[in-house]
Amino acid sequence: MRKGKWEWLSDSTSLLPPCEGAVSYYSQFGRVPGFTSAAGRRFRGVLDEHLALLRWPEGLNGDRELAVKGLDGKLYHWILPSFFQLLKDLVAEGREFAILFRTFGSDLPSVLAAVSRALTEGAHPLFPDLPDLKLSVNMSPGQIRCTQKGVVLSRSEERLSSREGERELYQYLSSVHHLGGFQDHFDWWSQNSFSLRGGKPLWVDPFDPHVQHIFIDDNIRQNDEDTIVHPKVFMGPGGSETRTAYTSELYDVCLVQTDLLRAISDPGYFSRRVAICQENYDRNLQQGAV
């Protein structure tokens, strides 16, 4: 701001401030309907370009679970193609992995059903060979609920509580296979002013040479008063005591702030972000700590 007036400092989109002292439009004014038709009209071309990249393949009927109709009446991918490319890349690299969707919303059953169709029926027009990956989806949506007393994780008949030790929750999540998902506790995040302490819990063991947990979310920010994940880092090998870590400590190690525009335009985006996290984690592991 100069002389009581806000000024744009960059015509390029970015996750991080373009210079010291810069703040994002969103941090000051929130989500503004029609942003690219008013204050952000200089970014209209960016929006149109990436909407075009999200278009469902021309000439194909829309899939009931993998395509969604936009306000303009056109069909778009509901799940980013770069996500399915990530699955292919991880399998091709021989990685042993699991993926859990973590959402505050009520869309988890629909997400699991859509991904399952793509993986088992080859229903995605860009990735008809996904069944060759031999990946399965746990169709039972889980829940994660937080209170001042701790965290409770449940799915089907399974139930774990941090009151019985956070190590058990970490081990459970480390032993998951293939794909599944949990609905996180939005009311708890809201009660904590949308800060780190009310965010989706992520347990990290910086001494574990076998398992690395990576959380990918476009609402991860290095401002801990306005971020969506609560990192809980174990303080010793095999121990049960954790500490809350700053987002900046684990950024590009166990936390990935999704650059949505690049995730749309670059099919290999998620694969590269995961590779960067693995390199940084391995380096920190060799040095003795994350």
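This text goes with the structure placed above it.
Heads up: these notes are all about the structure in this document. From a predicted model like this one, the values you see are computed outputs, not experimental measurements.

About the criteria used
- Residues numbered from 1 in each chain as written.
- Predicted model: local features only at pLDDT ≥ 70, side-chain atom pairs only at ≥ 80, totals over all residues.
- Heavy atoms only, no water.
- Helix = DSSP H or I, 4+ residues; strand = E, 2+ residues; numbered from the N terminus.
- Rg over C-alpha atoms; globule rule 2.2 N^0.38 Å.
- Buried < 20%, exposed > 50% of the residue type's maximum accessible area, 1.4 Å probe, protein only.
- Contact = heavy atoms within 4.5 Å.
- Areas by Shrake-Rupley, 256 points an atom, 1.4 Å probe, with all protein chains shown as cover.
- Lys, Arg positive; Asp, Glu negative; His and termini not counted.
- Charge placed at Lys NZ, Arg CZ, Asp CG, Glu CD.
- Expected span 1.5 Å × (residues − 1).
- Core = buried A, V, L, I, M, F, W, Y, C linked by side-chain atoms within 4.5 Å.
- 1 Å grid on protein atoms, 1.4 Å probe; cavity = no way out; pocket = protein on both sides within 12 Å on 5 of 7 lines; lining within 4 Å.
- Points joined across faces, edges and corners; volume = space filled by probe spheres on them.
- Nonpolar A, V, L, I, M, F, W, Y, C, P; charged D, E, K, R; others polar.

Across its full length, the protein carries 9 helices and 12 strands. Taking 290 residues into account, the globule formula puts the C-alpha radius of gyration at 19 Å, and the protein, at 20 Å, falls close to it. The principal-axis extent of the C-alpha atoms belonging to the protein is close to 55 × 55 × 35 Å. Expressed as a percentage of its 290 residues, the buried residues of the protein come to 43%. Pairs at least 24 residues apart make up 64% of the contacts formed inside the protein by residues separated by at least 6 positions. Carbon and sulfur atoms make up 49% of the accessible area of the protein, which totals about 16200 Å². Computing the positive centroid from 31 side-chain charges and the negative centroid from 37, the protein places the two 5 Å apart.

It is worth spelling out helix 3 (residues 81-92) at this point. Taking 1.5 Å per residue as the helical rise, helix 3 with its 12 residues ought to reach 16 Å, and the 17 Å between its terminal C-alpha atoms agrees with that figure. Looking only at helix 3, the buried set comprises Pro 81, Ser 82, Phe 83, Phe 84, Leu 86, Leu 87 and Leu 90. The inward-facing, buried residues of helix 3 abut strand 2 (75-77), strand 3 (98-103), helix 4 (108-121), strand 7 (178-183), helix 8 (260-265) and helix 9 (269-287). One or two steps after helix 3, the chain reaches Gly 94, where phi turns positive at roughly 75 degrees.

Here we come to the nonpolar core. Phe 83, Phe 84, Leu 87, Phe 101, Val 115, Leu 119 and Leu 179 are the most contacted members of the largest nonpolar core, which has 36 residues in total. Counting residues per element, the ones that place at least two in this core are helix 3, strand 3, helix 4, helix 8 and helix 9. Counting residues per element, this core draws most heavily on helix 4, which supplies 7 residues. The residues touching Phe 83, leaving out its near neighbours within four places in the chain, are Ile 99, Phe 101, Val 115, Leu 179 and Phe 270. Listed in part, the 16 residues of the second largest apolar core include Phe 215, Ile 220, Leu 255 and Tyr 281.

On to the layout of surface pockets, then. By volume, the second largest pocket amounts to about 190 Å³. Together, Ser 14, Leu 15, Leu 16, Tyr 251, Asp 252, Val 256, Gln 257, Asp 259, Arg 262, Tyr 269 and Arg 273 line the second largest pocket. Secondary structure elements with two or more residues in the lining of the second largest pocket: strand 12 (255-257) and helix 9. Residue composition of the lining of the second largest pocket, by class: 5 nonpolar, 2 polar and 4 charged.

Function cannot be read off these values alone, since they describe shape.
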